[in-house]
Amino acid sequence: MNTNEPISRKPLRLWPGVAAAVLLVLVGYVIPIFAPRYAGLGMMGAAVCGLIVILWWLLFSRARWYERLGAIVLMIAAAMFIEKYVVHASIAGGAMGNLTYVLAIPTLSVALVAWAAVSRRLGAGARGAAVVIAVLLGCLPWMVVRTGGINADGRSDFHWRWTKTPEELLLAQAHDEPTPVVPAPAPAEISKPPVANPAAEPSKTPAAPAAAAAPEPRAPAVPAKPAEWPGFRGPGRDSVIHGVQIATDWSQSPPVQAWRRPIGPGWSSFAVNGNLLYTQEQRGGDEVVSSYNLRTGEPVWRHRDATRFWESNGGAGPRGTPTLSGGRVYSIGATGVVNVLDANTGAVVWSRNAATEVNAKIPFWGISSSPLVVDDVVIVAAGGKLAAYDTATGKLRWSGVGSGFSYSSPQLVTIDGVQQVVFISGPGTTSVVPATGKVLWKYAWEGGAIVQPAQTEDGGILVNTISMNGGLGMRRLAITRNGGAWTAAERWTSTGLKPYFNDFVVHNGHAYGFDGNILSCIDLQDGTRKWKGGRYGNGQLVLLADQNLLLVLSEEGELALVKATPDQFTEVARIPALEGKTWNHPVVVRDVLLVRNDHEMAAFRLSLAGR
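All figures in this text were calculated on a predicted structure; none of them were measured in a lab. (Residues numbered from 1 in each chain as written. Predicted model: local features only at pLDDT ≥ 70, side-chain atom pairs only at ≥ 80, totals over all residues. Heavy atoms only, no water.)

### Here's the deal with the overall build of the chain
Here is step 1 of the chain: In terms of regular secondary structure, the chain is built from eight helices and 37 strands.
Here is step 2 of the chain: Put simply, the chain has 611 residues, and 54% of those count as buried.
Here is step 3 of the chain: Taking contacts inside the chain between residues at least 6 apart in sequence as the whole, the part at least 24 apart equals 56%.
Here is step 4 of the chain: Accessible surface, the chain as shown: approximately 26,200 Å² in total, 60% of it carbon and sulfur. (Helix = DSSP H or I, 4+ residues; strand = E, 2+ residues; numbered from the N terminus. Buried < 20%, exposed > 50% of the residue type's maximum accessible area, 1.4 Å probe, protein only. Contact = heavy atoms within 4.5 Å. Areas by Shrake-Rupley, 256 points an atom, 1.4 Å probe, with all protein chains shown as cover.)

Structural data, given as structure tokens:
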């Protein structure tokens, strides 16, 4: 008997690993092609399948133990190395944590199965070299791509790593700096094509001598009367528009594009007064408050602060919308810089950093609130805390109200004849006196702090909820006053409308908004759902109240008209407007519709009803 003969080993048990790898490819990469809204779930499903592959390899593959452990150690080392040194920053830091591991686990797991199947009959040295090659191939896809962020369903916007971002393309353009333009005789409706701006940046190009008889150009004057669209979500900060009725047969009278131009990244909406519009954007290392001509889209002025906020899910740029009041522009950037600027020229009146002054931590997605001007104070939310400044001097009047995180904005309401500011932060909802910051009432819950609170027609307060187990919904609060004491109590909680970061509107006893990526309507008496229909991603909307009509800007950049009636879901019209992920709120002023996203903005002229 020859005792030197090698002991026979059982062959690798491949089929469980192959089955898991095939399921991984189907769930993570094939199904999302045909059902993109499940891309986020597919990514997580692929990661789970990848973990199953690893468990198979470690416990059930029958491979030699040094191969089992060696391959896993090599995979972990490769993932850590590419995470720190190789992949693009947008891949390394995405998906609210660490995107590399979520992405690399599936591809490395498939590479592991492929290596095990192909190399099972090779010698030890060849198998060792093959596993190194397999791991490198498993990492390769994430070395050559970058992401422009994710949509609300978790789907990544992948591009080749070497392609330029829209912001880089914008910064490479010449002749993009504003020069003053001669004002129109009156705030005219959009009716003419845009005029090219041939001027180069003044600081880099010597100014040409002026013609002897030419008058000195100046910026269009801001009217003294209150702004038509003073800031975030309109005059009432509620996305409700009165006094405008539009033609709804877009097959015959569609919105007509007046102008379109690239813009720096950011999720700001617009403020509008007269012939000027205002927004915020990022341009390289500068956070910018900018003004453009409403009629032509040409830049009028830009104010720059040397700061940049970026996170890979939402991208770069400020999130808040400027506020107009008394001929001034009030803004707060993603890192807490508060600016008060002359609305005509952009000249600085005063500037502060609210995050520093209230010792607030910048939240993950950046400071996303919009300033609220009440009488002689401007109130801003910085990372869950309120701060109020004197509008004339910039002196801090009061601060410290709120705690935790918040992406919501302060909301002015009147309850029982008392004007108050309602604010949502991580621990719940708080109401304060605008002038002093004195707390009137609180409603505590561990919930969401993204969507703007709303007031019902009979004085109730609506807030969105996010439970700690991930559940979304809507809660109605009843606010009462007994002498000098205020109380807030839950009237009902509903899952019939589940806004996340998409604001909703209140109309005729009902609330309309996004339930995930589908529109929904609920009854405000008891929170019951009346209908649900139409897929618009996680977009935004405004209400044309005189027509019982919702104007929806979808996450994919489409415009749609939907009836704001509780009987059933009815889409009236739909057309494309923008390309790419669109989270910014639309604006309607007179017959002008303004839309933007993180790389372009456009103006459309709406046909008015009866004309």
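### Brief notes about the packing of helix α3 (residues 65-86) against helix α6 (residues 124-143)
Here is step 1 of the chain: Relative to each other, α3 and α6 sit at 30°, their axes nearing to 10 Å. For the pair α3 and α6, the sense of crossing is right-handed. Where α3 approaches α6, its residues Y66, E67, A71, L74, M75, A78, I82 and V86 are matched on the opposing element by A124, R127, V131, V132, V135, C139 and M143.
Here is step 2 of the chain: In the contact of α3 with α6, the residues fall into 13 nonpolar, no polar and two charged. (Axes fitted to C-alpha atoms, helices over the stretch in contact; angles between N-to-C directions. Left-handed = near helix turned anticlockwise from the far one by under 90°. Nonpolar A, V, L, I, M, F, W, Y, C, P; charged D, E, K, R; others polar.)

### Here we look at the packing of aromatic side chains
Here is step 1 of the chain: Tallied over the full model, the rule gives 15 aromatic pairs.
Here is step 2 of the chain: Plain terms: the ring middles of F501 and W583 are 5.1 Å apart, the flat faces sit at 65° to each other, and that makes the pair edge-to-face. In this pair, F501 sits in the loop between β26 (485-494) and β27 (505-507) while W583 sits in the loop between β34 (571-576) and β35 (587-589), placing the two residues 82 residues apart along the sequence. Comparing F501 with W583, the two get one shared label, buried.
Here is step 3 of the chain: An aromatic cluster of three or more residues is present, and its members are W267, Y500, F501 and W583.
Here is step 4 of the chain: Cation over ring: R68 sits above W65, and NZ or CZ is 4.1 Å from the ring centre.
Here is step 5 of the chain: One Lys or Arg, K581, reaches over the ring of W583 and ends 4.3 Å from the middle of that ring. (Phe/Tyr/Trp six-rings, centres within 6.5 Å; stacked < 30°, edge-to-face > 60°. Lys NZ or Arg CZ within 6 Å of the ring centre and 35° of its normal.)

### Side note on the pairing of strand β13 (residues 337-342)
Here is step 1 of the chain: Among the six residues that make up β13, five are buried, leaving the element largely enclosed by the rest of the structure.
Here is step 2 of the chain: With five bridges joining them, strand β12 (residues 328-332) and β13 adopt antiparallel strand pairing. Paired with V329 across the two strands is L341, which belongs to β13.
Here is step 3 of the chain: In sequence, β12 turns back onto β13 through a hairpin of four residues, with G336 there showing a positive phi of about 100°.
Here is step 4 of the chain: Across five bridges, the pairing between β13 and strand β14 (residues 348-353) is antiparallel. Following the sheet pairing, V337 is matched in β14 by N353. (Pairing = 2+ DSSP bridges.)

### Quick notes on α6
Here is step 1 of the chain: The end-to-end C-alpha distance of α6, which contains 20 residues, comes to 29 Å, matching closely the 28 Å that a straight helix rising 1.5 Å per residue would cover.
Here is step 2 of the chain: Restricting attention to buried positions, one finds in α6 the residues R127, V131, A134, V135, G138, C139 and W142. (Expected span 1.5 Å × (residues − 1).)

### A few points about the sheet that holds strand β30 (residues 529-535)
Here is step 1 of the chain: Read from one edge to the other, the open sheet built from four strands follows the order β27-β28-β29-β30, with strand pairing classed as antiparallel. Bordering the open sheet on either side are β27 and β30, each of which pairs with just one other strand. Within the sheet, the average angular offset between the axes of one strand and its neighbour, ignoring direction, is 25°.
Here is step 2 of the chain: Note that strand β28 (residues 510-515) and strand β29 (residues 518-523) share six bridges and pair antiparallel. Note that in β29 the partner of H510 across the bridge is D523.

### Notes on unusual backbone geometry
Here is step 1 of the chain: Unusually for a residue other than glycine, N508 sits at a positive phi of about 50°.
Here is step 2 of the chain: Its place among the elements puts N508 in the loop between β27 and β28.
Here is step 3 of the chain: Classification of N508 by relative accessible area gives exposed; the value is 54%.
Here is step 4 of the chain: The phi torsion at N548 lies on the positive side, around 50°, for a residue other than glycine.
Here is step 5 of the chain: Along the chain, N548 turns up in the loop between β31 (540-544) and β32 (549-553).

### Overview of the sheet that holds β13
Here is step 1 of the chain: If you trace the four strands from one edge of the open sheet to the other, you get β11-β12-β13-β14, paired in antiparallel fashion. Looking at strand neighbours, the two that pair on one side only are β11 (323-325) and β14, the edges of this open sheet. Shown here is a sheet whose adjacent strand axes are inclined to one another by a mean of 15°, direction ignored.

### Observations regarding the packing of helix α1 (residues 15-34) against helix α2 (residues 39-60)
Here is step 1 of the chain: Between α1 and α2, whose axes approach to 8 Å, the crossing angle comes to 170°. On the basis of the axis angle, α1 is roughly antiparallel to α2. For the pair formed by α1 and α2, the contact residues are P16, G17, A20, A21, L23, L24, V27, G28 and P32 on the first element and A39, G42, G45, A46, C49, G50, I52, V53 and W56 on the second.
Here is step 2 of the chain: Here the residues of the contact of α1 with α2 sort into 13 nonpolar, five polar and no charged. (Parallel < 35°, antiparallel > 145°, perpendicular 65-115°, else oblique.)

### Thoughts on empty space enclosed by the protein
Here is step 1 of the chain: Evaluation of the coordinates by the stated rule reveals one cavity of 30 Å³ or more.
Here is step 2 of the chain: As a volume, the largest cavity reaches approximately 40 Å³.
Here is step 3 of the chain: Lining of the largest cavity is provided by A71, M75, L108, A111, L112, W115, V131, A134 and V135.
Here is step 4 of the chain: Where the lining of the largest cavity is concerned, the elements lending two or more residues are α3, α5 (99-118) and α6.
Here is step 5 of the chain: Counting residues per element, the lining of the largest cavity draws most heavily on α5, which supplies four residues.
Here is step 6 of the chain: Grouping the constituent residues of the lining of the largest cavity by class yields nine nonpolar, no polar and no charged. (1 Å grid on protein atoms, 1.4 Å probe; cavity = no way out; pocket = protein on both sides within 12 Å on 5 of 7 lines; lining within 4 Å. Points joined across faces, edges and corners; volume = space filled by probe spheres on them.)

### Thoughts on the environment of Y330
Here is step 1 of the chain: The topology assignment puts Y330 in strand β12.
Here is step 2 of the chain: Sequence separation between Y330 and T391 is 61 residues, and the spatial gap between their C-alpha atoms is 9.2 Å.
Here is step 3 of the chain: With residues up to four places along the chain from it excluded, the contact list for Y330 reads P322, T323, S325, N339, V340, P371, V373, V378 and T391.

### Quick notes on the side chain of Q411
Here is step 1 of the chain: Following the sequence through the fold, Q411 ends up in strand β19 (residues 411-415).
Here is step 2 of the chain: Given a relative accessible area of 7%, Q411 falls into the buried group.
Here is step 3 of the chain: A distance of 3.0 Å separates a polar side-chain atom of Q411 from the backbone oxygen of G236.
Here is step 4 of the chain: Contact partners of Q411, with chain neighbours within four places excluded, come to G236, R237, L372, Q420, V421, V422, Q452 and P453. (Polar contact = N/O pair within 3.5 Å; in protein donor to acceptor, adjacent residues only side chain to side chain.)

### Brief notes about a nonpolar patch on the surface
Here is step 1 of the chain: On the surface, V18, V22, V25, L26, Y29, V30, I33 and F34 cluster together into a nonpolar patch covering about 710 Å² of accessible area.
Here is step 2 of the chain: In this fold, V25 is placed in helix α1. (Patch = residues over 30% accessible without salt bridge, like charges linked within 9 Å, V, L, I, M, F, W, Y side chains within 5 Å. Salt bridge = Lys/Arg side-chain N within 4 Å of Asp/Glu carboxyl O.)

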